[in-house]
Amino acid sequence: MSAMVLAQEAANINPGLAAIGFGASAIGAGIGVGLIWSAVISGTARQPEARGQLMGIGWTTFVLAELVMLIGLVLFFIAQGG
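Residues numbered from 1 in each chain as written. Predicted model: local features only at pLDDT ≥ 70, side-chain atom pairs only at ≥ 80, totals over all residues. Heavy atoms only, no water.

In the annotation of an unreviewed UniProt entry, the chain is listed under the name ATP synthase F(0) sector subunit c and assigned to Pseudonocardia sediminis. UniProt lists a comment for the chain under the heading Subcellular location (unreviewed entry), and it reads "Membrane". (UniProt positions renumbered as here; feature names shortened; annotations may be inferred.)

And the structure:
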């Protein structure tokens, strides 16, 4: 097989793999967000006076978890264009 044929086959597989990768990042972000907010709720129930600090930590980690999903979305669109 020539290098051109191998490159064309890789380009044909790329969108499918990109969709699988994006789905995995979305599922991972969803699980992460659920774990984050369940920990915030549990911590607030155990120690109500720490609610403000827990909410700040919760929002910060929520943003980081969603950022992973957005990076997966960007990579999905980059792979679709190739």
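Now that the structure has been shown, the text picks up again.
**Observations concerning the overall build of the chain**
Each helix and strand counted, the chain has two helices and zero strands in total. Evaluated residue by residue, the chain yields a buried proportion of 20% over its 82 residues. The long-range fraction of contacts in the chain, counting pairs at least 24 apart against all pairs at least 6 apart in sequence, stands at 70%. As displayed, the chain offers around 5,700 Å² of accessible surface, 74% of which is attributable to carbon and sulfur atoms. (Helix = DSSP H or I, 4+ residues; strand = E, 2+ residues; numbered from the N terminus. Buried < 20%, exposed > 50% of the residue type's maximum accessible area, 1.4 Å probe, protein only. Contact = heavy atoms within 4.5 Å. Areas by Shrake-Rupley, 256 points an atom, 1.4 Å probe, with all protein chains shown as cover.)

**A short note on the nonpolar core**
When a protein is soluble and globular, its nonpolar side chains tend to lie buried together. Core analysis: the biggest nonpolar cluster contains five residues, these being Val-33, Ile-36, Trp-37, Val-40 and Ala-65. With four residues, the top contributor of residues to this core is helix 1 (residues 3–46). Ala-65 has contacts with Ala-29, Val-33 and Ile-36, leaving out every residue within four places of it along the chain. (Core = buried A, V, L, I, M, F, W, Y, C linked by side-chain atoms within 4.5 Å.)

**A few points about the UniProt feature "transmembrane region" (unreviewed entry) in the chain**
Under the UniProt annotation, the feature "transmembrane region" (unreviewed entry) is placed at residues 20–42 and 54–79. Taken end to end, residues 20–42 is 100% helix and 0% strand, and its first and last C-alpha atoms sit 33 Å apart. End C-alpha to end C-alpha, residues 54–79 measures 38 Å, and it is 100% helix and 0% strand.

**A few points about the packing of aromatic side chains**
Pairs of aromatic rings are described using the distance from one ring centre to the other and the angle between the two planes. Tallied over the entire structure, the rule returns five aromatic pairs. Linked through ring pairs, Phe-22, Phe-76 and Phe-77 together constitute an aromatic cluster. (Phe/Tyr/Trp six-rings, centres within 6.5 Å; stacked < 30°, edge-to-face > 60°.)

**What to know about a nonpolar patch on the surface**
On the surface, Leu-64, Leu-67, Leu-70, Ile-71, Val-74, Leu-75 and Ile-78 cluster together into a nonpolar patch covering about 660 Å² of accessible area. Taking the relative accessible area as the measure of exposure, Ile-78 reaches 56% and is therefore exposed. (Patch = residues over 30% accessible without salt bridge, like charges linked within 9 Å, V, L, I, M, F, W, Y side chains within 5 Å. Salt bridge = Lys/Arg side-chain N within 4 Å of Asp/Glu carboxyl O.)

**Concerning the side chain of Ser-25**
Within the element layout of this structure, Ser-25 appears in helix 1. Looking at Ser-25, the relative accessible area reads 13%, which means it is buried. For Ser-25, the contacting residues outside a window of four places in its chain are Val-68, Met-69 and Gly-72.

**Examining helix 2 (residues 51–81)**
Look at helix 2: 45 Å from first C-alpha to last across 31 residues, which is about the 45 Å you get at 1.5 Å a residue. For helix 2, the full list of buried residues reads Gly-58, Ala-65, Met-69, Gly-72, Phe-76 and Ala-79. (Expected span 1.5 Å × (residues − 1).)

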